[in-house]
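What follows is the residue order along each chain.
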Amino acid sequence: MLCMKNPRINYDSKFDIMYYICGDTTNSYGDEDIDNIIVLKDIDSDEVRGYTIMNFKRICINHTKEYGIISKLFDINSVMKICGLI
């Protein structure tokens, strides 16, 4: 699970994209191994710095295949509340 202390969570309702950032991402790159989930990693250490989840609301409401994956990364209900989705 990604760090839980003071993550920066932003939600773009127009494009249904949720940003979950933990730590400094200035030296990071995005890696999309799984559809709709971009993992932000530090260039030097490959440490996970955050996630960008495309179609976040759709994934959470419809419990698509990505739901099981992101439920292991962070508390989905807490993030949905922060995003104003529940």
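Residues numbered from 1 in each chain as written. Predicted model: local features only at pLDDT ≥ 70, side-chain atom pairs only at ≥ 80, totals over all residues. Heavy atoms only, no water.

1. Focus: unusual backbone geometry
Then, number 1: In this structure, Asn36 takes a positive phi of about 75° despite not being glycine.
Then, number 2: In this fold, Asn36 is placed in the loop between strand S3 (28–34) and strand S4 (37–42).
Then, number 3: A relative accessible area of 13% means that Asn36 is categorised as buried. (Helix = DSSP H or I, 4+ residues; strand = E, 2+ residues; numbered from the N terminus. Buried < 20%, exposed > 50% of the residue type's maximum accessible area, 1.4 Å probe, protein only.)

2. Side note on the nonpolar core
Then, number 1: Judged by nonpolar contacts, the single largest core of 17 residues is most densely connected at Met18, Ile53, Phe56, Ile70, Phe74 and Val79.
Then, number 2: Those elements giving two or more residues to this core turn out to be strand S2 (17–21), S4, strand S5 (48–54), helix H1 (56–62) and helix H3 (76–82). (Core = buried A, V, L, I, M, F, W, Y, C linked by side-chain atoms within 4.5 Å.)

3. Re the pattern of salt bridges
Then, number 1: Under the counting rule described, the total for this entry stands at three salt bridges.
Then, number 2: Here Glu47 ties to Arg49 by a salt bridge, and the two come within 3.8 Å at their closest N and O atoms.
Then, number 3: Glu47 gets classed as partly exposed once you look at its relative accessible area, which sits at 44%. (Salt bridge = Lys/Arg side-chain N within 4 Å of Asp/Glu carboxyl O.)

4. Quick word on the environment of Asp24
Then, number 1: Turning to its location among the elements, Asp24 is positioned in the loop between S2 and S3.
Then, number 2: Here Thr26 takes part through its side chain, which lies 2.9 Å from a polar atom of the side chain of Asp24. (Polar contact = N/O pair within 3.5 Å; in protein donor to acceptor, adjacent residues only side chain to side chain.)

5. Topic: the sheet that holds strand S1 (residues 8–12)
Then, number 1: Ordered in space as S1-S2-S5-S4-S3, the five strands form an open sheet in which the pairing is antiparallel. One side of each edge strand has no neighbouring strand; the edge strands of this open sheet are S1 and S3. On average, adjacent strands in this sheet sit at an angle of 20° to one another, irrespective of strand direction.
Then, number 2: Examined bridge by bridge, S3 and S4 share five bridges and lie antiparallel to one another. (Pairing = 2+ DSSP bridges. Axes fitted to C-alpha atoms, helices over the stretch in contact; angles between N-to-C directions.)

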